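# Architecture and fold: a report
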Amino acid sequence: MKVARVVGHVTATIKDAQLVGQKLLLVQIEDGSGKSLDDAIVVTDVCGAGQGDMVLVATGSAARVSSPTSGKSPDATAVAIIDEINLNGRVTFKAG
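Heads up: these notes are all about the structure in this document. (Residues numbered from 1 in each chain as written. Predicted model: local features only at pLDDT ≥ 70, side-chain atom pairs only at ≥ 80, totals over all residues. Heavy atoms only, no water.)

Quick look at the pattern of salt bridges now. Under the defined criterion, the tally for this structure stands at three salt bridges. Note that Arg5 is salt-bridged to Glu30, the shortest N-O span being 3.1 Å. Placement of the pair is Arg5 in strand E1 (residues 2-10) and Glu30 in strand E2 (residues 23-30), with a sequence separation of 25 residues. When its relative accessible area of 7% is taken as the criterion, Glu30 is described as buried. In this structure, Asp45 engages Lys23 in a salt bridge whose closest nitrogen and oxygen atoms are separated by 3.4 Å. (Salt bridge = Lys/Arg side-chain N within 4 Å of Asp/Glu carboxyl O. Helix = DSSP H or I, 4+ residues; strand = E, 2+ residues; numbered from the N terminus. Buried < 20%, exposed > 50% of the residue type's maximum accessible area, 1.4 Å probe, protein only.)

In structure tokens:
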């Protein structure tokens, strides 16, 4: 899994039938201290995340394990909203 920050959402009116009803988020992959590691990616959302939330992103076959994505085609899914990140004994992120 990867740590990411929700930086936006994606609306797609015309899409593959497997994505109908799926909420799409734009997330920025980060390290535990908040440094961006990679380009932003689009993920499906099964946890109700919103702008600014830190999430755990499952990729590959793990992105299709949750009930809403089972049998679907997402390459990456936000599977949890992070409450706190503690890195080397120091809190680097705390929700709210």
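Here E1 runs beside strand E4 (residues 54-59); their pairing, made up of four bridges, is antiparallel. When the bridges of E4 are listed, Ala4 appears paired with Val55. Strand direction decides the pairing type here: E4 and strand E5 (residues 76-81), joined by five bridges, are antiparallel. Bridge assignment links Val57 to a residue of E5, and that residue is Ala78. (Pairing = 2+ DSSP bridges.)

Scope: geometric values only; no functional claims are made or implied.
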